[in-house]
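Listed below are the residues making up each chain.
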Amino acid sequence: MVVKADTVSGSDMANPLRKEVRQLYKNLLYLGREYPQGADYFRERLNSAFMKNKYVTDPKEIRKLVDCGEDVIKELGTMYYLREYSIMKKRFYEEELLGLLNIGRPTD
Amino acid sequence: MSPASVFVCLSLTLLSDYPVIRVKPDNSGVVTDGVKHSMNPFCEIAVEEAVKLKEKKFIKEVVAVSCGPTQVTETIRTALAMGCDRGIHVEVSGKDYEAMGPLQIAKIFAALAKKEEASLVILGKQAIDDDCNQTGQMTAALLDWPQGTFASEVTIDGEKVKVVREIDGGLETIKISMPAVLTADLRLNTPRYATLPNIMKAKKKKIANMKPADLGVDMVSRVEVLRVDEPPTRLAGVKVETVDDLVAKLKANGTI
């Protein structure tokens, strides 16, 4: 999982993006609770990714990184949906799936 | 005249991918204590559809309703985070909750829909814990409203609703007049994930509280669960060397 980010510990009080970055971190943390490999695994990766970019100061760079983070949020949402969808599909639409895989059909 | 309000009726069920569900030792039901609960997946799809209809300006207000103990407010909050305007929590707990089935729920939803003059009631087609697939149909019958069940596509056309239904033979398209009841099937839409900012916003939205008695609904169940058993465990397969062996085993088994 690729994550970027910015200085959470920012000593630079003037940087207006600090609030956005903090919000991004919180949003990602919230989404990570249902991560398949575990919430703790996700949180570790999230923290290290944010720490890696701790000293970035150029606002354009930060903007790029934050946008990257927003993409990750979308990806996670989609992944969770697909997971749910495939469970439902297996449970309720088994016949359709088997049909697609050509299992259980009489061979002519 | 665009329909005023849409009611989305939600159900709280056991988490869909829960690895192990156990039957209670006294065979009276399934162990639900300590098992993670969440909104029924089909209900998520129902909420998404209602919110989509509101975003397309077909309807003015979406109300999320659910019956059950306090846990159920979490489900309503998630629906509010997905875009519903307000919620109604009909409190049912203890013995009443354990005995609560589609008929009681349908009575409650019907009473609410009538009281609040809803134009559309949308539900998930079935709850994944009991697989009843009855609540939507019963609600429509109690209200004497037309129903579009197993909806995989919904379009509002003036005073009517065009519903494409998933049936065994394929797809059936029907046109029903409002007010109506719809039940959502898997392919209706892709439910949005409730992100943290939306959940924060949802905290400001109102959830009204009421009891079934306030709606004049009696919760007495006409159904008694006699017994719940686990499905038989799958036996390991037996390997045979020849066709004769196979026939002999099947004969001994009583299969042929």
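Just so it is clear, the model here is predicted, and its values are computed rather than measured.

(A) Focus on the UniProt feature "domain: Complex 1 LYR protein" (unreviewed entry) in chain A. Per the UniProt annotation, the sites labelled "domain: Complex 1 LYR protein" (unreviewed entry) are residues 19-72 of chain A. Each end of residues 19-72 of chain A is marked by a C-alpha atom, and these two atoms are 18 Å apart; helix forms 76% of the span and strand 0%.

(B) Region of the structure containing the packing of helix α1 (residues 17-31) of chain A against helix α2 (residues 39-52) of chain A. Residue and element names in this part refer to chain A. At a closest axis distance of 10 Å, the pairing of α1 and α2 adopts a crossing angle of 160°. When the axis of α1 is compared with that of α2, the two are roughly antiparallel. For the crossing formed where α1 meets α2, the hand is right-handed. Where α1 approaches α2, its residues Val21, Leu24, Tyr25, Leu28 and Leu29 are matched on the opposing element by Phe42, Arg43, Leu46, Asn47 and Phe50. Considering only residue class, the contact of α1 with α2 consists of 8 nonpolar, 1 polar and 1 charged.

(C) A look at the nonpolar core. Membership of the largest hydrophobic core comes to 46 residues, with the highest contact counts inside it found for Val8, Leu10, Val47, Cys84 and Leu120 of chain B. Met100, Ala110, Ala140 and Leu215 of chain B belong to the second largest nonpolar core, which has 27 residues in total.

(D) Molecular detail of α1 of chain A. Taking 1.5 Å of rise per residue, the 15 residues of α1 of chain A would be expected to cover 21 Å, and the 21 Å separating its terminal C-alpha atoms lies within 8% of that figure. Taken residue by residue, α1 of chain A has Leu17, Arg18, Val21, Leu24, Tyr25, Asn27, Leu28, Tyr30 and Leu31 of chain A as its buried positions. In this fold, the buried residues of α1 of chain A make contact with α2 and α3 (59-92) of chain A together with α6 (196-202) of chain B.

(E) Quick peek at the packing of aromatic side chains. Tallied over the full model, the rule gives 6 aromatic pairs over all chains. Judged by centre distance (5.2 Å) and plane angle (55°), the ring pair of tyrosine 35 of chain A and phenylalanine 42 of chain A falls under tilted. Looking at phenylalanine 42 of chain A, the relative accessible area reads 1%, which means it is buried. When the ring of tyrosine 81 of chain A is compared with that of tyrosine 85 of chain A, the centres are 5.8 Å apart and the planes differ by 45°; the resulting orientation is tilted. Separated by 4 residues within a single helix, tyrosine 81 of chain A and tyrosine 85 of chain A lie in helix α3, roughly one turn from each other. By relative accessible area, tyrosine 85 of chain A is classed as partly exposed at 21%. Three or more aromatic residues joined by ring pairs make a cluster, and in this case those are Tyr35, Tyr41 and Phe42 of chain A. It is arginine 45 of chain A that lies over the ring of tyrosine 41 of chain A; its NZ or CZ is 4.1 Å from the centre. The ring of tyrosine 93 of chain A has arginine 187 of chain B lying over it, and the distance from NZ or CZ to the ring centre is 5.0 Å.

Definitions and cut-offs
- Residues numbered from 1 in each chain as written.
- Chains lettered and ligands numbered in written order.
- Predicted model: local features only at pLDDT ≥ 70, side-chain atom pairs only at ≥ 80, totals over all residues.
- Heavy atoms only, no water.
- UniProt positions renumbered as here; feature names shortened; annotations may be inferred.
- Helix = DSSP H or I, 4+ residues; strand = E, 2+ residues; numbered from the N terminus.
- Axes fitted to C-alpha atoms, helices over the stretch in contact; angles between N-to-C directions.
- Parallel < 35°, antiparallel > 145°, perpendicular 65-115°, else oblique.
- Left-handed = near helix turned anticlockwise from the far one by under 90°.
- Contact = heavy atoms within 4.5 Å.
- Nonpolar A, V, L, I, M, F, W, Y, C, P; charged D, E, K, R; others polar.
- Core = buried A, V, L, I, M, F, W, Y, C linked by side-chain atoms within 4.5 Å.
- Buried < 20%, exposed > 50% of the residue type's maximum accessible area, 1.4 Å probe, protein only.
- Expected span 1.5 Å × (residues − 1).
- Phe/Tyr/Trp six-rings, centres within 6.5 Å; stacked < 30°, edge-to-face > 60°.
- Lys NZ or Arg CZ within 6 Å of the ring centre and 35° of its normal.

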